[in-house]
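Structural overview
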Amino acid sequence: MSPSRSLRDMARIAFEDHGMGEHVDWALHRPEMAMGMGALSEAVYGNTQLALREREAARWTIAIINDCVVCQDTRATHAAVEGIDEAFYAEVTAWSTSSVLTERERLAAEFAQRFALDHLAMDDELWERLHGAYTDAELADLTMCCGMFLGLGRVLAVIGVRAPDERILV
């Protein structure tokens, strides 16, 4: 163990440095499964039809809940074009009191929070509000996005990998 890294700062599974970053290298113990995780991530980011700010509201909410440093360091590829900056992420963190976020962005964050923390609290009242703002296809999209964000982000947080030196853009 290097003197500059404590056990808490190190990934909890030993792995070879393949040069892909800790967020990938650890999973190469099981390459077939790592490829599936990568395919799921690519399918979500490459095929979502949600507006970028809505997707990011959900993603950021789950990144904070998971305490995933990789997810918290990740940013949207076209963030500037969509008006996504650090102030946006701060607003998402306080989505329930935000007067800046749109209704759909607040709902995306609320859905993500309940999805991650208390899915049984997704009552008829929430679904009524969701259906008032989103189509069924968009809700299916949001649900799949949140499933991927929660699952893969939780995996990275549990393993304890560091964010890569070069920021991931999605």
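Before reading on, note that the structure itself is shown above.
Here's a quick rundown of the structure. (Residues numbered from 1 in each chain as written. Predicted model: local features only at pLDDT ≥ 70, side-chain atom pairs only at ≥ 80, totals over all residues. Heavy atoms only, no water.)

1. As for the overall build of the protein
Within the protein, the regular secondary structure consists of eight helices and zero strands. In summary, the protein has a C-alpha radius of gyration of 17 Å against a globular reference of 15 Å for 170 residues, a match within 12%. Projecting the C-alpha coordinates of the protein onto the three principal axes gives extents of approximately 50 × 30 × 30 Å. Taking all 170 residues of the protein together, the buried fraction comes to 41%. (Helix = DSSP H or I, 4+ residues; strand = E, 2+ residues; numbered from the N terminus. Rg over C-alpha atoms; globule rule 2.2 N^0.38 Å. Buried < 20%, exposed > 50% of the residue type's maximum accessible area, 1.4 Å probe, protein only.)

2. Focus: the pattern of salt bridges
Inspection of the entire model under this criterion finds 13 salt bridges. With a shortest N-O distance of 2.7 Å, arginine 59 and glutamate 56 are connected by a salt bridge. Of this pair, arginine 59 and glutamate 56 both sit in helix H3 (residues 52-66), separated by three residues, roughly a single helical turn. A residue is classified by how much of its surface remains accessible, and glutamate 56, at 0% relative accessible area, is buried. For aspartate 123, the salt bridge identified is with arginine 114, shortest N-O distance 3.5 Å. According to the relative accessible area criterion, arginine 114 is buried, its value standing at 18%. (Salt bridge = Lys/Arg side-chain N within 4 Å of Asp/Glu carboxyl O.)

3. Some words on unusual backbone geometry
Of note in this structure, aspartate 67 is not a glycine but carries a positive phi near 55°. Among the structural elements, aspartate 67 can be located in the loop between H3 and helix H4 (69-73).

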